[in-house]
Amino acid sequence: MVDVKPTNEKLISHAKNIIISCTDCSLEEAEKYLNLSGKNVKAAILMILTGKDKDTCIDMLSNKNENISSAIRSLYEK
């Protein structure tokens, strides 16, 4: 469900809940990062977990076939 497209209030709420579930952040943080990410749930999750900016996270996801776990592991690859 991380591929949800938050296009209405119900889906935006669902997206925030996904972010909270994946990162254990507060509702306020989930909302902040969802907005900072341009409503990209995967990027928002990655931003919270890595501390990286939106563009870096989007690039990381793009390089790892949109897989969050692989994107995080790439930080530790040599």
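Residues numbered from 1 in each chain as written. Predicted model: local features only at pLDDT ≥ 70, side-chain atom pairs only at ≥ 80, totals over all residues. Heavy atoms only, no water.

A. Seen up close, the overall build of the protein chain. The number of helices and strands found in the protein chain is 5 helices and 0 strands. Along its sequence from the N terminus, the protein chain presents helices and strands in the succession α-α-α-α-α. The C-alpha atoms of the protein chain give 12 Å as radius of gyration, which agrees with the globular expectation for 78 residues (12 Å, within 12%). For the protein chain, the spread of C-alpha atoms along the three principal axes comes to 40 × 20 × 20 Å. Within the protein chain, buried positions represent 33% of all 78 residues. Across the protein chain, every contact between residues at least 6 apart in sequence was considered, and the portion connecting residues at least 24 apart equals 24%. Surface accessibility of the protein chain: about 5,000 Å² in total, with carbon and sulfur atoms responsible for 46%. (Helix = DSSP H or I, 4+ residues; strand = E, 2+ residues; numbered from the N terminus. Rg over C-alpha atoms; globule rule 2.2 N^0.38 Å. Buried < 20%, exposed > 50% of the residue type's maximum accessible area, 1.4 Å probe, protein only. Contact = heavy atoms within 4.5 Å. Areas by Shrake-Rupley, 256 points an atom, 1.4 Å probe, with all protein chains shown as cover.)

B. Examining the pattern of salt bridges more closely. Counting across every chain of the model gives 3 salt bridges. Between Lys42 and Asp3 there is a salt bridge whose closest N-O contact spans 3.0 Å. With Lys42 in helix α3 (residues 41-50) and Asp3 in the segment before α1 (9-23), this pair connects stretches of sequence that are 39 residues apart. Looking at Lys42, the relative accessible area reads 10%, which means it is buried. As a salt-bridge pair, Lys16 and Glu31 come within 2.8 Å of each other at their nearest N and O atoms. (Salt bridge = Lys/Arg side-chain N within 4 Å of Asp/Glu carboxyl O.)

C. Geometry of the packing of α1 against α3. Where α1 contacts α3, the axes come no closer than 10 Å and their chain directions differ by 35°. With respect to the hand of their crossing, α1 and α3 are arranged in right-handed fashion. On α3, the residues touching Ala15, Ile18, Ile19, Cys22 and Thr23 of α1 are Val41, Ala44, Ile45, Ile48 and Leu49. (Axes fitted to C-alpha atoms, helices over the stretch in contact; angles between N-to-C directions. Left-handed = near helix turned anticlockwise from the far one by under 90°.)

D. Broad picture of helix α4 (residues 54-63). Cys57, Met60 and Leu61 are the residues of α4 that are buried. Mapping the buried residues of α4 onto a view down its axis gives an arc of 95°, with all of them on the same face. Turned more than 90 degrees away from the buried face of α4, the exposed residues are Asp55 and Asn63. Of the surrounding secondary structure, the elements contacted by the buried residues of α4 are α3 and α5 (68-73). (Arc of directions from axis to C-beta.)

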